Amino acid sequence: MRSSSPSNGPEGRPAARLAVAATLAGTLLAASACAVGPTSAQPAAEVAVPVATAPTSAAPTPTGAPAVVPDALRFTGRTLDGTAFSAATLAGRPVVLWFWAPWCATCASQAWTVAEIAPKYRDTVPIVGVAGLGEQKAMRSFVTEFELGGTTQIDDRAGALWRRFEIVEQSTFLIIDRDGKVVHQGFLDGEDLTRRVAALAG
């Protein structure tokens, strides 16, 4: 596993962004310096909006039958590079959703682990980043700096997915098993994340 990259916490960002982060922190339960969830004050939704009409089937299972799409994977969005994304395509496999913010020091420390293991488990346990609480330019810079370009990263500046999954802090990992059940939601360090993903792939 690679060693952690230097933190990119709020103290290194412009004063304006610090003010936004501070405002959000004061409006949410369990919020702290690097533990803030989205609020209704986020910009109007552009991407990553849940849809009631998401496909009910995805890629065929090993038996040839289409995988049933669980409620947890009935959402669509756009990635940071503008590509359309449908979580329904991941049905039938365990999935890890990683909720992160570009100014979060904890997220930065975990990014190297995600960048290292995500390509290895891309076909068995997809890891999907859900970027929020920041500007798109900062999100893209984060992806470049931590070599996350090979991992799907959803642009959730509007906070639609953060609210859908009731995420109130970052960095948060939400693990959905192959049956669509959320089996973990919360913090994971690099070792725990690697261990859990390996177990799900087994």
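From a predicted model like this one, the values you see are computed outputs, not experimental measurements.

Undergrad: Mind showing me how you'd approach the pairing of strand E6 (residues 127-131) here?
TA: Successive residues of a regular strand alternate their side chains across the two faces of the sheet. Along E6, five of the five residues are buried, which leaves the element largely enclosed by surrounding structure. Along E6, one buried face is formed by Ile127, Gly129 and Ala131 and the opposite face, lined by Val128 and Val130, is buried too. Two elements, strand E5 (residues 95-100) and E6, share five bridges in a ladder whose sense is parallel. Across the sheet, Phe99 pairs through a bridge with Val130, a residue of E6.

Undergrad: I keep staring at helix H5 (residues 190-201) and nothing clicks. Help me out?
TA: Spacing of three or four residues puts side chains on the same side of an α-helix, whose turn is 3.6 residues. For H5, built from twelve residues, the straight-helix expectation of 16 Å at 1.5 Å per residue is met to within 8% by its first-to-last C-alpha distance of 17 Å. The complete set of buried residues in H5 reads Gly190, Leu193 and Val197. The buried residues of H5 occupy an angular sector of 65° when the element is viewed end-on, so they sit on one face. Residues of H5 that are exposed and angled more than 90 degrees away from the buried face: Glu191 and Ala199. Where the residues of H5 are buried, they touch E5, helix H2 (105-117), E6 and strand E8 (172-176). Sitting at the head of H5, Asp189 places a side-chain oxygen 3.2 Å from the backbone nitrogen of Glu191.

How each quantity is defined
- Residues numbered from 1 in each chain as written.
- Predicted model: local features only at pLDDT ≥ 70, side-chain atom pairs only at ≥ 80, totals over all residues.
- Heavy atoms only, no water.
- Buried < 20%, exposed > 50% of the residue type's maximum accessible area, 1.4 Å probe, protein only.
- Helix = DSSP H or I, 4+ residues; strand = E, 2+ residues; numbered from the N terminus.
- Pairing = 2+ DSSP bridges.
- Expected span 1.5 Å × (residues − 1).
- Arc of directions from axis to C-beta.
- Contact = heavy atoms within 4.5 Å.
- Polar contact = N/O pair within 3.5 Å; in protein donor to acceptor, adjacent residues only side chain to side chain.

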